[in-house]
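Observations on the three-dimensional arrangement
What follows is each chain in one-letter form.
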Amino acid sequence: MAKDLIASFGEMLIDFVPTVSGVSLAEAPGFIKAPGGAPANVAIAVARLGGRAAFVGKLGDDEFGRMLAGILRDNGVDDGGVLFDTGARTALAFVTLRADGEREFMFYRNPSADMLLTEAELNLDVINSAAVFHYGSISLITEPCRSAHLKAMEVARQAGALLSYDPNLRLPLWPSPESAREQIMGIWDQADIIKVSDVELEFLTGQESVEDDVVLTLWRPEFKLLLVTLGEKGCKYYTKDFRGSLDGFAVNTVDTTGAGDAFVGAMLRKIVDDQTVLQEEEKLREVLRFANACGAITTTKKGAIPALPNEAEAVELLKRD
């Protein structure tokens, strides 16, 4: 049987977004609940594009946790790696885009169920059957989840999976910026594929630049692919043998939430079918154009999961451009 499962590890939560845009959290008259959490978004992005996806993580044994597990199943994601904690709630985040364009976050995780996943609770069958194991950095913040994360990476590596890492920096969740940088970089060398945003690049390098010499300070000889996403400007890519950039797509942007997750899900969906993409530049450029299109489409609607595209929508945008 072809090994084509993409397993995502980490957090799934409820984002509460204001009913009106351009206000602070304090000024918002009301909120709408939107399912989120970067690793879960990636899993759903993969499934929506016709791939096989699984999610490994922990939710609260509450109404929100059951709702989120249902959303995974409804979107065709294997939830065999999902556990429910009777003693902790599902994580919540209040998110707004203020009038000055800055995103404002307020998290309710003290601790939330996702932080309490232990090594012993990991579904090793799911991890062992993955062709790609994808994760972020939020699961590194506290124990016991941090040890579970490291164990899951080790198991996936031993099973021959490609390790895919998107740090998905959320500074308000970390004790300090120094702690975030240290933990994010602590597992840096173990990945095969890493995607960072331009903002994360600046944070990790301490330099306000996306030039090659700055990006390459993050390159490691073990990597198969390093990517920098540049929002509407597209992305840059780096492998052992070649490097380049691709423009983004001009769309009517409504909400950028989940665009990076759509990009990652689309890229992994294509790579899992044909890993020669990582050695052949023309193939890689084709895959990244597809990923850029999926990211762009996601920005045209509100919320992450409702906005994630299917293959037909992505192909339509590619034809138009």
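In what follows, the accompanying structure is described. (Residues numbered from 1 in each chain as written. Predicted model: local features only at pLDDT ≥ 70, side-chain atom pairs only at ≥ 80, totals over all residues. Heavy atoms only, no water.)

**Some thoughts on helix 4 (residues 145-158)**
In this model, helix 4 (14 residues) spans 20 Å end to end at C-alpha, consistent with the 20 Å of a helix rising 1.5 Å per residue. Along helix 4, the residues classified as buried are Cys 145, Ala 148, His 149, Ala 152, Met 153, Val 155 and Ala 156. Down the axis of helix 4, the buried set is contained in an arc of 165°. They therefore lie on one face. Taken together, the buried residues of helix 4 touch strand 1 (5-9), helix 3 (124-128), strand 8 (130-135) and strand 9 (162-165). Where helix 4 ends, the next residue or the one after it, Gly 160, has phi of about 90°, a positive value. (Helix = DSSP H or I, 4+ residues; strand = E, 2+ residues; numbered from the N terminus. Expected span 1.5 Å × (residues − 1). Buried < 20%, exposed > 50% of the residue type's maximum accessible area, 1.4 Å probe, protein only. Arc of directions from axis to C-beta. Contact = heavy atoms within 4.5 Å.)

**Some words on the environment of Lys 58**
Relative to the helices and strands, Lys 58 is located in strand 4 (residues 52-60). When the C-alpha atoms of Lys 58 and Ser 164 are compared, they prove to be 20 Å apart, with 106 residues separating the residues in sequence. Beyond its immediate sequence surroundings of up to four residues, Lys 58 is in contact with Leu 83, Asp 85, Ala 113, Asp 114, Leu 116, Leu 117 and Glu 121. Engagement of the side chain of Lys 58 in a polar contact is seen with the side chain of Asp 85, the distance being 3.0 Å. Engagement of the side chain of Lys 58 in a polar contact is seen with the backbone oxygen of Leu 116, the distance being 3.4 Å. (Polar contact = N/O pair within 3.5 Å; in protein donor to acceptor, adjacent residues only side chain to side chain.)

**Overview of helix 8 (residues 259-271)**
With 13 residues, helix 8 extends 18 Å between its outermost C-alpha atoms, agreeing within 8% with the 18 Å of an ideal straight helix rising 1.5 Å per residue. Within helix 8, 11 of the 13 residues are buried, leaving the element largely enclosed by the surrounding structure. Residues of helix 8 that are buried: Ala 259, Asp 261, Ala 262, Phe 263, Val 264, Gly 265, Ala 266, Met 267, Leu 268, Arg 269 and Ile 271.

**A short note on the state of the cysteines**
Under the criterion given, the structure shown has 0 disulfides. Distance from the sulfur of Cys 235, which forms no disulfide, to the nearest cysteine sulfur (Cys 294) is 12 Å. (Disulfide = S-S within 2.5 Å.)

**Describing the environment of Ala 250**
Positionally, Ala 250 belongs in the loop between strand 13 (243-246) and helix 8. Separated by 17 residues in the primary sequence, Ala 250 and Lys 233 place their C-alpha atoms 8.9 Å from one another.

**Section: the sheet that holds strand 1**
Here we have 9 strands laid out as an open sheet, ordered 5-4-1-8-9-10-11-12-13, and mixed in their pairing. Whereas interior strands pair on both sides, the edge strands pair on one side only; in this sheet they are strand 5 (78-85) and strand 13. Sheet twist, expressed as the mean angle between neighbouring strand axes with direction ignored, is 15°. In terms of strand pairing, strand 12 (residues 235-238) meets strand 13 through 4 bridges, oriented antiparallel. For Tyr 238, the partnering residue across the bridge sits in strand 13 and is Arg 243. Against the sheet, helix 4 makes contact with strand 1, strand 8 and strand 9, and its axis sits at roughly 155° relative to strand 8, the strand it touches most. Docked against the sheet, helix 6 (residues 198-205) engages strand 10 (193-197) and strand 11 (225-229), running at close to 95° with respect to strand 10. (Pairing = 2+ DSSP bridges. Axes fitted to C-alpha atoms, helices over the stretch in contact; angles between N-to-C directions.)

Nothing here speaks to function; it is geometry throughout.
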